[in-house]
Amino acid sequence: MKRSRRVVSALLAGTLLLPAGCGKEQGGGTGATDSAGDERTIKAFDINPQPREKVKDGGTLRWGINEFPTQWNRNHVDGNLAMAAVISNALLPSPFRSDEKAEISPETDYVLDAQVTSTKPKQVVTYRLNPKAKWSDGKPITWADYRAQWQALNGRDPDYRIVSSTGYQDIEKVARGKDDHEVVVTFARPFGDWQALFGPLLPAATNRDAESFNTAWLNKIPVTAGPFKFGGFDQTAKTITLVRDDAWWGERSKLDRIIFRASEQDSLISAFGNGELDIIDIGPSAPDYARARSTTGAQVRQAAGPDFRHFTFNGSSPLLTDVRVRQALQLGINREAIAQSDLQGLDWPVTPLNNHFFMNTQEGYQDNAGALGAYNPDKAKQLLDAAGWKLNGQVRQKQGRTLDLRFVVPSGVQISKAEGELAQSMLAQIGVKLSIKAVPSDDFFTKYVIPGNFDITPFAYIGTPFPVSSSYGIYANATNGQNWNANFGRTGSPAIDQAMSRAAQTLDPAQARAATNEADKLLWPLVNVLPLYQRPQLVAVRASLANVGARGFFDLQYEDIGFTG
């Protein structure tokens, strides 16, 4: 599991993972209060947990996804997608796993033990690797794979197109211990979220040079080390097939194979309703939720998680370089109205999210939005006037340019379109024209979001048990003004970086939470990401499907997934 926030567009089409974070003790299963003040219980996870002896041997799981990834190196900026993670988590090593309470423990199929073995004069972490663990090409997984990953991800070579250097940049060296299966990691600076590192682990051959890192996993999965192995791509049918790996040293996979089928979100719910798929993420879509619940033999599993819906503002766009314009747009958007529209009919609290790092249900959450988080169209108009954008009829102009912004959405995702229409109406009231541009869902991130080909765009970030380190890359400043990596808003500041670094470097959870909130207070006036609400995890499944669904913080054990009847 990659310890960075990943991205989801709308429902699924548009989901990214966050890069790595703090606060592993924080769970997602607490009660949440909606805007009307009622208290309701939200599950930490909902996966129909069953012991292995109650799960049938064999069978094929048909899993619907809303994008067909092309970059399968998840440490590459183009590979930081939720769907890439859903698939490759069945294939690749990770040293740790999280339970539903966000409590972290070694993933003993790969790491038998890992501990902080020294804090003075420097933090040292020692990993004892499982000597049975090996890559599908027969090579053992050793300390050399860990060293190569650190060298690739530490940010020192800009030719490596990495998601984030968080944590890796704090490492001084990775060395061989008493044998090839002991890894000794020495940190130059303390790093509290050290358990967020090295997942997913890729082989040393991938990380040996920038060319291999950037291209070796493009449209291919060359090597695996999990309960399943790569079975093949079908570009025409848009399927990715995984098959049981009989060379796996852990518990034998219950399923024979998993077939992931990519399609636009509208098509996925139809295929599920017609019995062509066994599991899909329906996201915050009331029509899809209702249809899935009415499907014979199906159920919708629901849980809270570290996931949130948001708008990203492209600060490098010529029309948005002035922070006053971005602040005006933020003030001109009624977040509560958008949340109410998105979540209507889902039995989910309608509460605006006023923090970039912590969810409403997490310890450490505090409202840092202040006046800039409120809906205030009058103040928005004043800011636009001050920035030189004057009304000319219904739309503002400045020096012959019209304030006409592109709101880029993935096609087939109705919630994104609906959000665009609401924002369009709201911003028209302050003299801003918003043009909704639908693009192919497979291209949404790689051709639009990541290269910055948008003004405003909506999607969801899928989080981890590590709020700070998983989010660091999203808000990290580009010191040269060019290498923004996972910061798609392309704005930042040294002060924000320093606050996030303080949070990441302390080993005291309370101090980490305080520093994280200091960083959050600085983000609101910058207007990079505008949080909307904590996104419910809603997964439609066949009722007989076990050990999978709305997982919250829980890391799925793919070898245990299967059918009970």
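All values derive from a computational prediction rather than experimental measurement.

Conventions used here
Residues numbered from 1 in each chain as written. Predicted model: local features only at pLDDT ≥ 70, side-chain atom pairs only at ≥ 80, totals over all residues. Heavy atoms only, no water. Pairing = 2+ DSSP bridges. Helix = DSSP H or I, 4+ residues; strand = E, 2+ residues; numbered from the N terminus. Expected span 1.5 Å × (residues − 1). Buried < 20%, exposed > 50% of the residue type's maximum accessible area, 1.4 Å probe, protein only. Contact = heavy atoms within 4.5 Å. Phe/Tyr/Trp six-rings, centres within 6.5 Å; stacked < 30°, edge-to-face > 60°. Lys NZ or Arg CZ within 6 Å of the ring centre and 35° of its normal. Axes fitted to C-alpha atoms, helices over the stretch in contact; angles between N-to-C directions. Polar contact = N/O pair within 3.5 Å; in protein donor to acceptor, adjacent residues only side chain to side chain. Core = buried A, V, L, I, M, F, W, Y, C linked by side-chain atoms within 4.5 Å. Parallel < 35°, antiparallel > 145°, perpendicular 65-115°, else oblique. Nonpolar A, V, L, I, M, F, W, Y, C, P; charged D, E, K, R; others polar. Salt bridge = Lys/Arg side-chain N within 4 Å of Asp/Glu carboxyl O.

Trainee: In this structure, what is going on with the sheet that holds strand 18 (residues 390–392)? I would like to understand it.
Mentor: To summarise the sheet geometry, strands pair through backbone hydrogen bonds and adopt either a parallel or an antiparallel arrangement. Strand order in the open sheet made by the 3 strands is 18-19-20, with antiparallel pairing throughout. Whereas interior strands pair on both sides, the edge strands pair on one side only; in this sheet they are strand 18 and strand 20 (401–402).

Trainee: Where do I start with helix 13 (residues 494–505) in this structure?
Mentor: Because the α-helix completes a turn every 3.6 residues, residues three or four places apart line up on one side. In this model, helix 13 (12 residues) spans 16 Å end to end at C-alpha, consistent with the 16 Å of a helix rising 1.5 Å per residue. Along helix 13, the residues classified as buried are Ile 496, Asp 497, Ala 499, Met 500, Ser 501, Ala 503 and Ala 504. The secondary structure elements touched by the buried residues of helix 13 are helix 12 (472–475) and helix 14 (509–526).

Trainee: Before we go on, may I ask you to explain the packing of aromatic side chains in this structure?
Mentor: Geometry of an aromatic ring pair is reported as the spacing of the ring centres plus the angle between the planes. Taken as a whole and judged by the stated rule, the model has 26 aromatic pairs. Feature note: the residues Phe 96, Tyr 127, Tyr 146, Tyr 168, Trp 194 and Phe 198 constitute an aromatic cluster, connected by ring pairs. Above the ring of Phe 272, the side-chain terminus of Arg 542 is found at 4.2 Å from the ring centroid.

Trainee: It is not clear to me how the sheet that holds strand 8 (residues 111–118) should be interpreted in this structure. Could you clarify?
Mentor: Reading across from one edge, 8-9-11-10 is the order of the 4 strands in this open sheet, with antiparallel pairing throughout. The open sheet has two edge strands with one neighbour each: strand 8 and strand 10 (171–176). Across the sheet, the axes of successive neighbouring strands diverge by a mean angle of 15°, strand direction being ignored. Each of strand 8, strand 9 (124–129), strand 10 and strand 11 (182–187) is contacted by helix 2 (residues 143–153), which is oriented at about 160° to strand 10, the strand it contacts most.

Trainee: Please explain the pairing of strand 24 (residues 529–534) as it appears in this structure.
Mentor: Within a regular strand, side chains alternate between the sheet's two faces. When you tally the buried positions in strand 24, you get 6 out of 6 residues, the bulk of the element. Two strands pair when backbone bridges link them, and strand 17 (residues 308–313) and strand 24 are joined in this way by 5 bridges, in the antiparallel orientation. Bridge pairing links Phe 311 to Leu 530 in strand 24.

Trainee: Please clarify how helix 7 (residues 323–331) should be interpreted in this entry.
Mentor: With 7 of its 9 residues buried, helix 7 lies for the most part within the structure. Buried within helix 7 we find Val 325, Arg 326, Gln 327, Ala 328, Leu 329, Gln 330 and Leu 331. Between the side-chain oxygen at the start of helix 7 and the backbone nitrogen of Arg 324 there is a gap of 2.9 Å, and the oxygen is on Asp 322.

Trainee: Got a minute to help me understand the pairing of strand 13 (residues 239–244) in this structure?
Mentor: Most of strand 13 sits out of view: 5 of its 6 residues are buried. Both strand 12 (residues 228–234) and strand 13 contribute to a ladder of 6 bridges, which runs antiparallel. Paired with Phe 228 across the two strands is Arg 244, which belongs to strand 13. Hairpin connection, strand 12 to strand 13: the antiparallel pair is bridged by 4 residues, and Lys 238 has positive phi, about 60°. With 5 bridges connecting them, strand 13 and strand 14 (residues 257–262) associate as antiparallel partners. In the strand pairing of strand 14, Thr 239 is matched with Arg 261.

Trainee: Sorry, what's going on with the nonpolar core here?
Mentor: Most often, soluble globular proteins have nonpolar side chains that are buried together. One finds Leu 61, Trp 63, Tyr 127, Ile 171, Phe 198, Phe 260 and Tyr 558 to be the most contacted residues of the largest nonpolar core, which totals 107 residues. Setting aside residues up to four positions removed in sequence, Trp 63 forms contacts with Val 86, Ile 258, Ile 259, Phe 260, Arg 261, Leu 277, Ile 279, Val 548, Leu 556 and Tyr 558. Of all hydrophobic cores here, the second largest spans 54 residues; its members include Phe 311, Ala 380, Trp 389 and Leu 405.

Trainee: Please clarify how the packing of helix 7 against helix 14 should be interpreted in this entry.
Mentor: Any two packed helices are characterised by how steeply their axes cross, that is the angle between the axes, and by the distance between the axes. At a minimum axis distance of 8 Å, the contact between helix 7 and helix 14 shows a crossing angle of 95°. By the criterion of interaxial angle, the relationship of helix 7 to helix 14 is roughly perpendicular. Note on element contacts: helix 14 touches helix 7 through Trp 524, Pro 525 and Leu 526, opposite Val 323, Arg 326, Gln 327 and Gln 330. Class assignment for the residues of the contact of helix 7 with helix 14 results in 4 nonpolar, 2 polar and 1 charged.

Trainee: Sorry, what's going on with the pattern of salt bridges here?
Mentor: Should their charged atoms come close, side chains of opposite charge can pair. Applying the stated criterion across every chain yields a total of 28 salt bridges. The closest approach of N and O atoms between Glu 182 and Arg 128, which form a salt bridge, is 4.0 Å. With Glu 182 in strand 11 and Arg 128 in strand 9, this pair connects stretches of sequence that are 54 residues apart. For Glu 182, a relative accessible area of 16% gives the class buried. The closest approach of N and O atoms between Asp 442 and Lys 238, which form a salt bridge, is 2.7 Å. Within this pair, whereas Asp 442 is found in the loop between strand 22 (433–439) and helix 11 (444–449), its partner Lys 238 is found in the loop between strand 12 and strand 13, the two being separated by 204 residues in sequence. A relative accessible area of 27% places Asp 442 in the partly exposed class.

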